[in-house]
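Tertiary structure, described
Spelled out, the chains give:
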Amino acid sequence: MEKTYSGKHYETGESIRVHTNKGLIKSIESTDEDLDNFIAPGLIDIQVNGYAGIGFTHPELSIDKIREVAIKMQKIGVTTFLPTLITAPEKILLANLRTIREACIDPFIASFIPGIHLEGPFISPLDGYRGSHNLKWVLPPDLETFKRLQDAAGGRIIQLTLAPEREGAMDLIHYCQSKGTIVGLAHHNANAKQIHTAVETGARLAVHLGNGIANTMSRHENPIWPQLANNNLMISMIADGFHLTRDEMITFYKAKGRERVILTSDCTDLAGLTPGPYLWDGKEVILEAEGVIRYPEQNVLAGAASPLIRDLGIMKKCIGCTWSEVINMATLNPAGLLGLHNRGEIKAGNKADLILFQIADDKIKLLQTIKKAG
């Protein structure tokens, strides 16, 4: 069944009609209509730990719960996301990876999930750099362990985030690079040589740059500068107004340029819930109304609770870019990193994953999310 959606193109401002059929964009035509809404690709979030009480590392994860997250992601403008599993006992990781693999047999769920993001357990054990990851389950990079996890996932781990300074990291990066798995760097205290060597070996992304890092460190010898300096490394940013300051966001954007920045929510299972104290992974954390989760014991943040579409407005306001540029950081750029050539752009033949929205008070007001249209 064919359907048509109209709006001003988010990049050109031209009024267009997008004709869809069987979940794909069939054609695009200009129109003289004076439209009051915009149309853009659906958002792509490469780091979703969970949502609305459902966590991808929770022992009770089920196919029905994964479907529920997908449905709720669509309601906040996200049409593609990577379920993200963090550091946990191998037994839980294996079980949940199998559950996600089985869930993706369902075409509806699979249309949202092109792959899985494994953040840990191969990260730094040091306080601050480890963030809120449980020290008990942190491991040094190990190829055989990763192979077991990838096998459980049915080969669906599309991104692995690790600490490059740990013994065994380079061998694992090289293996992932040879198999087409994207390697991200985070929760680490690597020096410049280790970071540049990791990139030369195949690492491609600095994950939530500026976070998962100690509050106090050397002003010269620290992990931030080499990751900013290396032009072969993209960065992801959490632009919720808490994880990074305005000056950090401006500096990161200027250093990397609009084509090498990806916005991600890093939202956890507490996102979408009522603000207040929670017991999360055995730790007492506080969900604040503004969409941030604090871990008072270590004086660090414990993930985010702000939807990606809200973060777009914060990013635009902080760095002064255009709406098209900031939207591309959550559509075109992540699609490019993940090799999703049929998403992230409004063009014939692409998936008909679209959002319709208006701009009010320098914020996006979502009107409709189109997913598998037709």
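Scroll up for the structure.
Residues numbered from 1 in each chain as written. Predicted model: local features only at pLDDT ≥ 70, side-chain atom pairs only at ≥ 80, totals over all residues. Heavy atoms only, no water.

1. As for the overall build of the chain
The secondary structure content of the chain amounts to eleven helices and 20 strands. Taking 2.2 N^0.38 as the reference for a compact globule, 374 residues should give roughly 21 Å; the C-alpha atoms of the chain span a radius of gyration of 20 Å, in line with that estimate. Along the first, second and third principal axes, the C-alpha set of the chain runs to 60 × 45 × 45 Å. Contacts in the chain between residues far apart in sequence, at least 24 positions, make up 68% of those at least 6 positions apart. Surface accessibility of the chain: about 15,400 Å² in total, with carbon and sulfur atoms responsible for 49%. (Helix = DSSP H or I, 4+ residues; strand = E, 2+ residues; numbered from the N terminus. Rg over C-alpha atoms; globule rule 2.2 N^0.38 Å. Contact = heavy atoms within 4.5 Å. Areas by Shrake-Rupley, 256 points an atom, 1.4 Å probe, with all protein chains shown as cover.)

2. Points about empty space enclosed by the protein
One pass over the structure, following the stated rule, counts two cavities of 30 Å³ or more. Computed from the structure, the largest cavity encloses a volume of approximately 80 Å³. Lining the largest cavity are 13 residues, with His-188, Leu-209, Asn-211, Ile-213 and Gln-227 sitting closest to its centre. Taken as a whole, the second largest cavity encloses approximately 50 Å³ of empty space. Considering the residues around the second largest cavity, the lining is formed by Pro-41, Gly-42, Ile-44, Thr-79, Thr-80, Asn-342, Arg-343, Gly-344, Glu-345, Lys-351 and Asp-353. (1 Å grid on protein atoms, 1.4 Å probe; cavity = no way out; pocket = protein on both sides within 12 Å on 5 of 7 lines; lining within 4 Å. Points joined across faces, edges and corners; volume = space filled by probe spheres on them.)

3. Some remarks on the packing of aromatic side chains
The final tally for this structure, using the stated rule, is five aromatic pairs. Relative to Phe-357, the ring of Phe-38 lies with its centre 5.6 Å away and its plane at 20°, an arrangement referred to as stacked. Linking Phe-38 in strand S4 (residues 38-41) with Phe-357 in strand S19 (residues 354-360), this pair joins segments that are 319 residues apart in sequence. Overall, the relative accessible area of 24% leaves Phe-38 in the partly exposed class. Relative to Tyr-175, the ring of Phe-146 has its centre 6.4 Å away and its plane inclined at 80°; by these criteria the two rings are edge-to-face. Of this pair, Phe-146 sits in helix H4 (residues 143-152) while Tyr-175 sits in helix H5 (residues 169-179), placing them 29 residues apart in sequence. Sitting above the plane of the Phe-112 ring, Lys-371 keeps its charged end 4.6 Å from the centroid. (Phe/Tyr/Trp six-rings, centres within 6.5 Å; stacked < 30°, edge-to-face > 60°. Buried < 20%, exposed > 50% of the residue type's maximum accessible area, 1.4 Å probe, protein only. Lys NZ or Arg CZ within 6 Å of the ring centre and 35° of its normal.)

4. What to know about the pattern of salt bridges
Under the definition given, this model contains 13 salt bridges. Close ionic contact of Asp-106 with Arg-67 constitutes a salt bridge, the shortest N to O distance being 2.0 Å. Here the residue Asp-106 occupies a position in the loop between helix H2 (90-103) and helix H3 (107-112), and Arg-67 occupies one in helix H1 (residues 63-75), the gap between them amounting to 39 residues. A residue is classified by how much of its surface remains accessible, and Arg-67, at 30% relative accessible area, is partly exposed. (Salt bridge = Lys/Arg side-chain N within 4 Å of Asp/Glu carboxyl O.)

5. Some thoughts on the sheet that holds strand S18 (residues 300-304)
Taking strand neighbours across the sheet as the criterion, the four strands line up as S15-S16-S17-S18 in an open arrangement whose pairing is antiparallel. Looking along the sheet, the strands with just one partner apiece sit at the ends: strand S15 (276-280) and S18. Pairwise comparison of adjacent strand axes, ignoring direction, gives a mean angle of 35° for this sheet. Relative to strand S17 (residues 292-295), strand S16 (residues 283-287) runs antiparallel, the two sharing two bridges. Across the sheet, residue Ile-286 finds its bridge partner in S17, namely Arg-294. (Pairing = 2+ DSSP bridges. Axes fitted to C-alpha atoms, helices over the stretch in contact; angles between N-to-C directions.)

6. A closer look at the layout of surface pockets
Approximately 570 Å³ is the volume found for the largest pocket. Taken together, 34 residues make up the lining of the largest pocket; nearest its centre are Asn-211, Gly-212, His-243, Val-300 and Leu-301. For the lining of the largest pocket, the elements supplying multiple residues, two or more each, are S17 and S18. Ranked by residues supplied to the lining of the largest pocket, first place goes to S18 with four residues. A class-by-class count of the residues in the lining of the largest pocket yields 14 nonpolar, 16 polar and four charged. Reported here for the second largest pocket is a volume of approximately 320 Å³. What lines the second largest pocket is a set of 20 residues, among which Thr-57, His-58, Pro-59, Ile-86 and Asp-281 lie closest to the centre. Looking at which element gives the most residues to the lining of the second largest pocket, the answer is S15, with three residues. (Nonpolar A, V, L, I, M, F, W, Y, C, P; charged D, E, K, R; others polar.)

7. Quick notes on the state of the cysteines
In this structure the tally under the stated criterion is zero disulfides. Among the cysteines around Cys-321, which has no disulfide bond, Cys-318 carries the closest sulfur, lying 9.8 Å off. (Disulfide = S-S within 2.5 Å.)

8. Overview of the side chain of Asp-353
Here Asp-353 lies in the loop between helix H11 (332-338) and S19. Polar side-chain contacts of Asp-353 include one of 3.0 Å to the side chain of Lys-371. Discounting residues that sit within four places of it in the chain, Asp-353 has contacts with Ala-40, Pro-41, Gly-42, Thr-79, Thr-80, Ile-370, Lys-371 and Lys-372. (Polar contact = N/O pair within 3.5 Å; in protein donor to acceptor, adjacent residues only side chain to side chain.)

These figures capture arrangement, not role.
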